[in-house]
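Overview (structure and organization)
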Amino acid sequence: MLKVFTYRARLLLLGLGGIGVSLGWAQVAVKDAPPATAGDQSAIAIGPGDLLDITVFDVPELVLKVRVDVSGCVSLAFIGDLKLAGMTVGDAQRLIARELVARQLVKDPQVSIFIEEFATQGITVYGEVNTPGIYPLMGPHHLYDVISAAGGLTLKSGRTVTVLHAGQRDHPEVVDLATESAGKNPLEHANVPVYPGDTIIVSKAGMVYVLGEVNKPGAFLMEDNTSISVLKATAMAGGTTKLASLKGSMILRKSLAGTSQTRIPLDKIYHGKASDLQLHAEDIVFIPLSNIKNYGAMGLQGAIQAAVYSVYAVELH
């Protein structure tokens, strides 16, 4: 837990040509590219300006580095111009292999493409970071690098980060910042590779609010997204004041239909005569004054609405 805290504190502080040689039939076993993972490039989209390292096994004339031009094309010996921009690395490899076979130049070619330099694609970061946006980071990076470039985590950030890899939007990679794996440091385990075209979404930690007649009203973090009971939340708020109406306490919960009000017998919960209730993220525990006249012309409902607005208006902002 200390390691995870140290990591979070660190990120919060970081502000931040033609060839005239005839080819015979090369007997090379062809293998389809394996499914893409976060550590390979097969699902990454190629863009104009990218520098590609292309290798066709056993064909020296097709071992070269070539930059994608502004129209998205590359010029290859024996093939000519091919438009690769917009294709994934895996699809581009298969296209070149098909072209070589169609021209009866190479039989069962094994094609490898590696993007050595990224030119046009940025990494999108949003959610609970201080400076969301698109960052034109060149080449492969790791998750912590990109979060740092986006100004670090906010105080409301959760423990999970979702990485949408380009070409794999239907298979998001969810990274738990606090989970150890196979004896590894959780920080190292979470620092996954990311590439231009990827999207990073930092989750928001659950918060509950305790307002009204408590000694320290405010927002309280649901650490590690665990639940918080009414008693625990009230204790975190320093307990109730002498003027609190325990019988009139309530949970205010936001939904699509509006904000609901649920009475809670806080006096009975205190004495073990009623079950403690579990709060949801964004719930408000409102503990009113025992004497409703003290609210003046505003009244109790006005005080409730003011409490709701003070929380949810800030959330909307």
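For the structure itself, look to the data block above.
The structure contained in this document is the topic of the report that follows. (Residues numbered from 1 in each chain as written. Predicted model: local features only at pLDDT ≥ 70, side-chain atom pairs only at ≥ 80, totals over all residues. Heavy atoms only, no water.)

1. Details of the overall build of the protein chain
- Regarding its fold elements, the protein chain presents 7 helices and 19 strands.
- Counting over 317 residues, the protein chain shows a buried share of 44%.
- For the protein chain, the accessible surface area stands at approximately 16,500 Å², while carbon and sulfur atoms represent 57% of it. (Helix = DSSP H or I, 4+ residues; strand = E, 2+ residues; numbered from the N terminus. Buried < 20%, exposed > 50% of the residue type's maximum accessible area, 1.4 Å probe, protein only. Areas by Shrake-Rupley, 256 points an atom, 1.4 Å probe, with all protein chains shown as cover.)

2. So, the nonpolar core
- Counting 29 residues, the largest nonpolar core has L52, L76 and I96 as its most contacted members.
- When residues of this core are traced back to their parent elements, those giving at least two are β1 (51-56), β3 (73-76), α2 (89-102) and β5 (111-117).
- Element by element, the count of residues in this core is highest for α2, at 6 residues.
- Apart from the residues lying within four places of it in its own chain, the contact partners of L76 are I54, L62, L64, V66, L82 and I96. (Core = buried A, V, L, I, M, F, W, Y, C linked by side-chain atoms within 4.5 Å. Contact = heavy atoms within 4.5 Å.)

3. Thoughts on the sheet that holds strand β2 (residues 63-67)
- Spatially, 3 strands are ordered β2-β1-β5 in an open sheet, and the strand pairing comes out antiparallel. Of all strands in the sheet, those bounded by a partner on one side alone are β2 and β5. Each strand axis lies, on average, 20 degrees off the axis of its neighbour in the sheet, ignoring direction.
- Most of the contacts of α2 go to β5, to which it runs at about 135 degrees, and overall it touches β1 and β5. (Pairing = 2+ DSSP bridges. Axes fitted to C-alpha atoms, helices over the stretch in contact; angles between N-to-C directions.)

4. Focus on the pattern of salt bridges
- All told, the structure shown has 5 salt bridges when counted by the stated rule.
- In this structure, E116 and K65 form a salt bridge, with 3.1 Å as the shortest nitrogen-oxygen distance. In this pair, E116 sits in strand β5 while K65 sits in strand β2, placing the two residues 51 residues apart along the sequence.
- Residue E116 is classed as partly exposed on the basis of its relative accessible area of 32%.
- A salt bridge links R253 to D283; the shortest N-O distance between them is 2.6 Å. Of the two residues, R253 sits in strand β16 (residues 250-255) while D283 sits in the loop between β18 (278-279) and β19 (284-287), which places them 30 residues apart along the sequence.
- Among the residues examined, R253 registers a relative accessible area of 26% and is labelled partly exposed.
- Classification of D283 by relative accessible area gives buried; the value is 1%. (Salt bridge = Lys/Arg side-chain N within 4 Å of Asp/Glu carboxyl O.)

5. With respect to the pairing of strand β12 (residues 199-204)
- Judged from the 4 bridges that link them, strand β6 (residues 123-127) and β12 form a sheet pairing that is parallel. Residue G127 lies in a different strand from β12, and its bridge partner there is V202.
- Examined bridge by bridge, strand β9 (residues 157-164) and β12 share 5 bridges and lie antiparallel to one another. For S157, the partnering residue across the bridge sits in β12 and is K204.

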